[in-house]
Amino acid sequence: MNARPALAVIGVGPRGTGLVERLAANAPALYGNRPLDLHLVDPHPPGSGRIWRRDQSPLLWMNSRAEDVTMFTDDTVRQEGPVRPGPALDAWAQDVRECRTRCDEAADPRLRAEIETLRGRDFPSRRLQGAYLRWFHARSVAALPPSVTVHEHRDRALRVTGPRHGRQLVQLAGRAEPLAVDLVVLTLGHLDAGPDAEQRGLAAFADRHGLVHLPPEFTADSDLSVLPAGEPVIVRGLGLAFIDLMVLLTEGRGGRYENGAYVPSGREPVLHVGSRRGVPYRAKIGYGWQGERPSLPRFLGPEQARELLDRPHPLDFRRDVWPHVDKELGHAHYHRLFTAHPERTAVDRAVFEERYAAAEPGSAELRELIAEGVPDPADRLDLAALDRPLDGVRHPSSDALQHAVRAHIAADLERRHDPGHSEDLAVFLGLLSVYGPLVRLGDIGAEWHGFFNYLASGPPGPRLRQLLALSRAGVVRFLGAGTRVEADEERGVFRATSVTVPGERVEARALVEARLPDPAPGRTRSTVLRGLYEDGAAATATGLLAVDPGDGRILDREGRPHPRRFALGPHTAARTSGTFTRPRTGGPAFSQNDATARTALALLRDLHPDPGD
């Protein structure tokens, strides 16, 4: 008797659940009523997974507005499967309020209170997003055909083995016998990693001298109780992990905000924070789109991505790709400037657009056209200045730096909430539009993802206003750009310096690395991933799992796709922007989920043909 068809999804957070939704949407046409055992493996709650779990501080927010978060496809997504519409987070909350959708977790008084007041422009808590994700998971499972039997394993997968053309064996931590399945899809999310050489050295130094060293990890999982009140703490990183750290060490320790000022509890440490840029990520844009939209992508779409891939030499991001990114974002910027703010332009729009389209990316001709058509340099798009605002800047003292960084943050907040600079929102839409084509290029390095996150995935405006209040209160002190940390064996302290304030030094007995760990095949704590690498799976130069960008099949070191193993998500070379997708932006993660689901269903159908076919 032949074994029943079986598929294992390892990791059932947002990405794994998105795949389940696409399996349900595509099964009627591609798989019919054939039987299928669907094994969902995750030690954390299905849907929300580890990051969006219920048991975390309610002070931690998403960095997206409720109206900008959906788990459902729409007609802007490039996919072969059917659209199955559903509510974005804000609409779901309204459905719960009006009893059109059941949410058992709304019995939690704090969660219910948030649901009652949530509106589209609000930044919800991660706990509320977790409730939405768990509801979406239940809905997706319920939409599967009756012939699909779902097996939930609240367990950790240890290893995947099996021949290339045979059944795969998934070993679980709490089960003696492995799961025998036809196909495996890894949707593992962000992964923990062991320390690199620098982190090992800093940890050993801290142990020798009785210091505190918190390595790169999820801030919500860190033991922050080891950071004493009133003591200086050096923090490396000014991204979203720092924002979480800031919240948990201030409001999380009893502080509060009154009329724009921070009232400390007395339990806060003093955070001396720096990074390569020396400034926090740009604030989320605080207004919506009005008027004519630019056609996006125009100069870096699928066709241009194919042309880049066909080049005879390996792609270099700065040389080969960046000029096209610059031209695409410039197209979005100047289209908006000419249509919404024509008084700040100096040539005919049609003439400008024709010459812009004809000019080579990165060319002197393009720069001359922009200078002619946009007289004020402040109205021109300068990605380098946006990316590194402190490059070449020097301050005579730390106090001067504090004033300068506060002024930078305040100016950014004002601009990002001013529709008079709506070209910034156009650039944001341009960033979203090029992410999909760039995924086709494979792992083009950390530079692009870092730039995207800095410009498009920054914190909510209220968080940066809180940061300003904390800076004025002396709870946060900025270190500047090019921050370096040294271990002083003689004095037994960590020391931080930056290029922005030459000669300035900060010493502390605690160091926090406010960032996620970098991917690294040799240091990943995922035993499943380590096993795949040992079995011949390929990693990119930056440590990501190599996959086919079309359907997510895992590639070996010869570039061959594995016939039975797939992977989706941030641990792969086909990682996409952010965790969630804005409605009507054609999210590439949806496209990938659909392609993988359709490929998997077709393979299962071929492996187990129906005798009546």
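In the block above lies the structure referred to throughout.
Description of the structure in this document.

About the criteria used
Residues numbered from 1 in each chain as written. Predicted model: local features only at pLDDT ≥ 70, side-chain atom pairs only at ≥ 80, totals over all residues. Heavy atoms only, no water. Helix = DSSP H or I, 4+ residues; strand = E, 2+ residues; numbered from the N terminus. Rg over C-alpha atoms; globule rule 2.2 N^0.38 Å. Buried < 20%, exposed > 50% of the residue type's maximum accessible area, 1.4 Å probe, protein only. Contact = heavy atoms within 4.5 Å. Areas by Shrake-Rupley, 256 points an atom, 1.4 Å probe, with all protein chains shown as cover. Pairing = 2+ DSSP bridges. Axes fitted to C-alpha atoms, helices over the stretch in contact; angles between N-to-C directions. Parallel < 35°, antiparallel > 145°, perpendicular 65-115°, else oblique. Nonpolar A, V, L, I, M, F, W, Y, C, P; charged D, E, K, R; others polar. Arc of directions from axis to C-beta. Lys, Arg positive; Asp, Glu negative; His and termini not counted. Salt bridge = Lys/Arg side-chain N within 4 Å of Asp/Glu carboxyl O. Polar contact = N/O pair within 3.5 Å; in protein donor to acceptor, adjacent residues only side chain to side chain. Left-handed = near helix turned anticlockwise from the far one by under 90°. Core = buried A, V, L, I, M, F, W, Y, C linked by side-chain atoms within 4.5 Å.

Quick look at the overall build of the chain now. Looking only at helices and strands, the chain features 17 helices and 19 strands. Rg of the C-alpha trace for the chain: 25 Å, near the compact-globule value of 25 Å for 613 residues, within the 12% margin. With respect to the three principal axes, the spread of C-alpha positions in the chain is 80 × 65 × 55 Å. For the chain, with 613 residues in total, the buried portion stands at 55%. By sequence separation, contacts in the chain at least 24 residues apart represent 75% of the contacts at least 6 residues apart. For the chain, the accessible surface area stands at approximately 25800 Å², while carbon and sulfur atoms represent 50% of it.

This part is about the sheet that holds strand β6 (residues 179-181). Ordered by their spatial adjacency, three strands build an open sheet running β4-β5-β6, and the pairing between neighbours is antiparallel. Sheet topology places β4 (157-161) and β6 at the edges, where each strand pairs with a single neighbour. Averaged over all adjacent pairs, the angle separating strand axes in this sheet is 20°, with direction ignored. Bridge count for strand β5 (residues 168-172) against β6 is three bridges, and the pairing is antiparallel. Each residue of the ladder has a partner; that of L169, found in β6, is A180.

Now for the sheet that holds strand β17 (residues 510-513). Here we have five strands laid out as an open sheet, ordered β8-β17-β9-β12-β13, and parallel in their pairing. Lying at the two open borders of the sheet, with one neighbouring strand each, are β8 (212-214) and β13 (476-480). For this sheet, the mean angle separating the axes of adjacent strands, direction not counted, is 20°. Across five bridges, strand β9 (residues 232-236) lies against strand β12 (residues 270-274) in parallel orientation. Across the sheet, R236 pairs through a bridge with G274, a residue of β12.

With that settled, consider the pairing of β9. Across the five residues of β9, four count as buried, placing the element largely inside the fold. The pairing of β9 with β17 spans three bridges and is classified as parallel. Across the sheet, the residue bridging to I234 is L511, located in β17.

Next up on the list: the packing of helix α8 (residues 317-340) against helix α14 (residues 446-456). The geometry of α8 relative to α14 is characterised by a closest axis approach of 11 Å and an angle of 25° between their N-to-C directions. Taken as axis vectors, α8 and α14 run roughly parallel relative to one another. Contacts between α8 and α14 involve F317, R318, W322, V325 and L329 from the former and E447, W448 and F451 from the latter. The residue inventory of the contact of α8 with α14, partitioned by class, reads six nonpolar, no polar and two charged.

Every buried residue of helix α10 (residues 364-373) is accounted for by L366, L369, I370 and G373. Relative to the axis of α10, the buried residues are bounded by an arc of 95° and lie together on one face. Facing away from the buried side of α10, by more than 90 degrees, are the exposed residues R367 and E368. Turning to α10, the residues buried within the fold contact α8 and α9 (349-358).

Attention shifts here to the side chain of R565. Locating R565 in the fold gives a position in strand β19 (residues 561-567). For the buried residue R565, which engages in no salt bridge, the nearest side chain bearing the opposite charge is D535, 4.2 Å off. At a separation of 2.6 Å, a polar atom in the side chain of R565 contacts the side chain of Q168. Here R565 is in contact with V160, T161, G162, Q168, V184, L532, D535, G552, R553 and I554, once residues within four sequence places are set aside.

All right, on to the pattern of salt bridges then. For the coordinates displayed, the defined rule picks out 51 salt bridges. Residues R344 and D379 are paired through a salt bridge, measuring 3.1 Å at the closest nitrogen-oxygen approach. Of this pair, R344 sits in the loop between α8 and α9 while D379 sits in the loop between α10 and α11 (383-387), and the two are 35 residues apart along the sequence. On the accessibility criterion, R344 (17% relative accessible area) is buried. Ionic contacts of the salt-bridge type, sharing partners, join the residues R50, R53, D55, D192 and D221 into one network.

Contact geometry for helix α6 (residues 240-249) and helix α15 (residues 461-472): axes closest at 11 Å, N-to-C directions at 60°. Comparing the axis directions of α6 and α15 gives the class oblique. As for how α6 packs across α15, the hand of that crossing is left-handed. Residue-level contacts link F242, I243, M246 and V247 of α6 to R463, Q466, L467 and L470 of α15. Residue composition of the contact of α6 with α15, by class: six nonpolar, one polar and one charged.

This part covers the nonpolar core. In this structure, I10, V170, L186, Y334, L438 and W448 are the most contacted members of the largest nonpolar core, which totals 66 residues. Ranked by residues supplied to this core, first place goes to helix α13 (residues 423-439) with eleven residues. Ignoring sequence-local partners within four residues, the contact set of W448 consists of F317, V325, L431, V434, Y435 and L438. Membership of the second largest hydrophobic core comes to 36 residues, among which are L248, L249, V405 and V475.

Everything listed is a geometric property; what it means functionally is a separate question.
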